[in-house]
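Chain residues, written in single-letter form:
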Amino acid sequence: MATHMSKCRTWSRVQRFGIAAYRRYSSGSGYPNVSLSSPLPGIPKPVFAAVDGHEQCETKITTLENGLKVASQNKFGQFCTVGILVNSGSRHETKYPSGIAHFLEKLAFSSTAQYGSKDEILLTLEKHGGICDCQTSRDTTMYAVSAEVKGLDTVVSLLSDAVLQPRLLDEEIEMTRMAVRFELEDLNMSQANEPLLFNYYCPERMVLAGVGIEHEQLVACARKYLLDVKPVWGAGTPANVDLSVAQYTGGMVKMDKDMSDVSLGPTPIPELTHIMIGLESCSFLEDEFIPFAVLNMMMGGGGSFSAGGPGKGMFTRLYLNVLNRHHWMYNATSYHHSYEDSGLLCIHASADPRQVREMVEIITREFIQMAGTAGEMELERAKTQLKSMLMMNLESRPVIFEDVGRQVLATGKRKLPHQLCDLISNVTGSDIKRVSTKMLRSKPAVAALGDLRQMPSYEHIQAALSSKDGRLPRMYRLFR
């Protein structure tokens, strides 16, 4: 047995290093004298994959006669992800009643004209190894199914029925109401309000997207199930569609709440006050979207404890300038939200209620410093991290599906990953300074939760963001 294992190790070394290298290894040096930056001796020359003209045709798009767009990207494998994205979400709701988009998300894939119940839908998908999901956001509603490729016809038929032919039975609405109340604690909504957002469910505001299938096959299914289908709420031109452009106004929302007993136990979370300060950025349709994405990555941040290293953002500004210097801060994280009309770059922070004022000033100073000169190393690190995150996320089929669907829904086309990476690489320090300076001219949007006795006024926060150093106005009191 020992002799056999020794022979296996010998052959393994020969395979790894080549015969000549192995002879040097076995001569007594302990390690082979092989350069790590040169090709291994005795090994065939590797052939690497290269980007050619075929990648330009990865995402195919067809517009049907009724305005519906069909977008697909082939990805070899046994399974595919197909779904319908609708340009409709919470931003299209009226002030009252609100929450309809959330309600529709919970009602998705319930009984339809073709299927008597949600169980029937799930059993049908189970035959093809499929699962379904619905997600709503501020401007998009997405119905998606992942299943075997051979079940594509059934999947598109089911999607068409779920989107255009829901039955909205009383018992389903009541069950959904209970689920929403459980999530949001209290939601008062009339049963008659659910169809309001269906005004936006028209073909020209929809995209049928698929990943892992042939484009012609998806187009054929779209013509069969989505071209001449009359929706349950009636055909014709949709009425009362709000085409107005959203206007960013800024403002402040405060929720004074006792957070001292939020987490009890042997190791309770300390009482914290949470704040969020944001400034207007840009729409995802604007050229400034990429520089803002790089700026957000440069700010980074996270919790006061992280088990990660440089790849987890430990060298971002909010770690280096905030969390590493002010150990009493529990969290400082940058976020960038971008929509069709506008966007918001914001920083969320949390700390002990007694240090809220100091925490706010630290965040406003970080906003002011965004308009300074970005270091070459930190800029390159942020760009590399953004490209890395983009490419790693696009390894997943459902993420590719969502990327294809959202881009085609918003712009009618799709930028491929290598095109986005080129745009990221071209971002310069002057781009960061330009977008930051423009952002600082907008009014802040502020949200605060917890013990807010030390919370500065909105006017003071606005004054700090208009100053040169980001400091809050000094407060002088005769009596303390």
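A quick note: this is a predicted structure, and the numbers were derived from the prediction, not measured.

### Quick look at the side chain of Thr140
Thought 1: Turning to its location among the elements, Thr140 is positioned in the loop between β4 (131-136) and β5 (141-148).
Thought 2: Take Thr140: its relative accessible area is 7%, and that puts it in the buried class.
Thought 3: A distance of 3.2 Å separates polar atoms of two side chains, one belonging to Thr140 and the other to Asp139.
Thought 4: Of note is the side chain of Thr140, whose polar atom sits 3.4 Å from the side chain of Arg406.
Thought 5: Aside from chain neighbours lying at most four places away, what touches Thr140 is Leu85, Val86, Ser88, Gly89, Gln135, Arg406 and Leu409.

### A look at the sheet that holds strand β11 (residues 343-351)
Two pairing modes exist for strands in a sheet, parallel and antiparallel, and in both the strands are linked by backbone hydrogen bonds.
Thought 1: In space, the six strands of this open sheet follow the order β7-β12-β8-β11-β10-β9, with mixed pairing throughout. Where the open sheet ends on each side, the last strands, each with one partner, are β7 (251-256) and β9 (301-303). Here the average twist between neighbouring strands, direction ignored, is 20°.
Thought 2: In this fold helix α8 (residues 289-299) packs onto β9, β10 (329-338) and β11, with an angle of close to 170° to the strand it touches most, β10.

### Some details on unusual backbone geometry
Thought 1: Positive phi, close to 60°, is recorded for Phe109, a residue that is not glycine.
Thought 2: Residue classification places Phe109 among the buried residues on the basis of a relative accessible area of 3%.
Thought 3: Here the phi dihedral of Leu168 falls at roughly 50°; this positive angle occurs in a residue that is not glycine.
Thought 4: Within the fold, Leu168 resides in the loop between α5 (152-164) and α6 (170-184).

### Some thoughts on the confidence of the model for the protein
Close reading of the predicted structure is inappropriate where its pLDDT is low.
Thought 1: Averaged over the protein, the pLDDT score is 84; the fraction of residues at 70 or greater is 82%.
Thought 2: This model gives residues 13-28 a pLDDT under 50, and the stretch forms 23 contacts once residues within four places in sequence are excluded.

### Things to note about the pairing of strand β8 (residues 273-280)
Thought 1: Pairing between β8 and β11: eight bridges, direction antiparallel. By the bridge assignment for β11, His274 is matched with Ser350.
Thought 2: For β8 and strand β12 (residues 445-450), the ladder comprises five bridges, and the chain directions are antiparallel. Across the sheet, Ile275 pairs through a bridge with Ala448, a residue of β12.

### A short note on helix α14 (residues 429-439)
Thought 1: Considered for burial, the residues of α14 that qualify are Asp431, Ile432, Val435, Ser436 and Met439. Along the axis of α14, the buried residues cluster in a sector spanning 125°; they form a single face.
Thought 2: At its buried positions, α14 is contacted by β8, α8, β11, α10 (356-370) and α11 (376-393).

### Comments concerning the pattern of salt bridges
Thought 1: This structure, assessed with the given rule, holds 16 salt bridges.
Thought 2: Between Arg91 and Asp341 there is a salt bridge whose closest N-O contact spans 2.4 Å. In this pair, Arg91 is assigned in the loop between β3 (79-86) and α3 (100-107) and Asp341 in the loop between β10 and β11, connecting sequence segments 250 residues apart.
Thought 3: Using a relative accessible area of 29% as the deciding quantity, one classes Arg91 as partly exposed.
Thought 4: Residue classification places Asp341 among the partly exposed residues on the basis of a relative accessible area of 22%.

### Focus on the sheet that holds strand β6 (residues 206-211)
Thought 1: Here we have six strands laid out as an open sheet, ordered β1-β2-β6-β3-β5-β4, and mixed in their pairing. The open sheet has two free edges, formed respectively by β1 (59-63) and β4, since each of these has just one partner strand. Sheet twist, expressed as the mean angle between neighbouring strand axes with direction ignored, is 15°.
Thought 2: Here β3 pairs with β5 via eight bridges, running antiparallel. Note that in β5 the partner of Cys80 across the bridge is Ala147.
Thought 3: Together, β3, β5 and β6 form the strand contacts of α5, whose direction differs from that of β3 by roughly 20°.
Thought 4: Its contacts with the sheet place helix α7 (residues 215-226) against β1, β2 (69-73), β3 and β6, and it is angled at close to 150° to β2.

### Let's talk about the packing of aromatic side chains
Thought 1: Counted by the stated rule, this structure contains two aromatic pairs.
Thought 2: Judged by centre distance (6.0 Å) and plane angle (70°), the rings of Phe109 and Tyr143 are edge-to-face. In this pair, Phe109 is assigned in the loop between α3 and α4 (118-126) and Tyr143 in strand β5, connecting sequence segments 34 residues apart. Across the pair, Tyr143 and Phe109 agree in class, each one buried.
Thought 3: A centroid spacing of 6.4 Å and a plane angle of 85° characterise the contact between Tyr143 and Tyr201, whose relative ring orientation is edge-to-face. Placement of Tyr143 in strand β5 and of Tyr201 in the loop between α6 and β6 is noted, with a sequence separation of 58 residues between them.
Thought 4: One aromatic cluster is present, built from ring pairs that chain together Phe109, Tyr143 and Tyr201.

### Side note on the nonpolar core
Thought 1: If you look at the biggest cluster of nonpolar residues, it comprises 66 residues, and the most contacted ones within it are Ile275, Ile277, Met329, Phe367 and Met455.
Thought 2: Excluding its chain neighbours within four sequence positions, the residues that come into contact with Ile275 are Ile347, His348, Ala349, Met359, Val360, Ile363, Ala447, Ala448 and Met455.
Thought 3: Among the nonpolar cores identified, the runner-up in size contains 37 residues, and Ala108, Val163, Tyr201 and Met206 belong to it.

Quick notes on the rules
Residues numbered from 1 in each chain as written. Predicted model: local features only at pLDDT ≥ 70, side-chain atom pairs only at ≥ 80, totals over all residues. Heavy atoms only, no water. Helix = DSSP H or I, 4+ residues; strand = E, 2+ residues; numbered from the N terminus. Buried < 20%, exposed > 50% of the residue type's maximum accessible area, 1.4 Å probe, protein only. Polar contact = N/O pair within 3.5 Å; in protein donor to acceptor, adjacent residues only side chain to side chain. Contact = heavy atoms within 4.5 Å. Pairing = 2+ DSSP bridges. Axes fitted to C-alpha atoms, helices over the stretch in contact; angles between N-to-C directions. pLDDT = per-residue confidence, 0-100. Arc of directions from axis to C-beta. Salt bridge = Lys/Arg side-chain N within 4 Å of Asp/Glu carboxyl O. Phe/Tyr/Trp six-rings, centres within 6.5 Å; stacked < 30°, edge-to-face > 60°. Core = buried A, V, L, I, M, F, W, Y, C linked by side-chain atoms within 4.5 Å.

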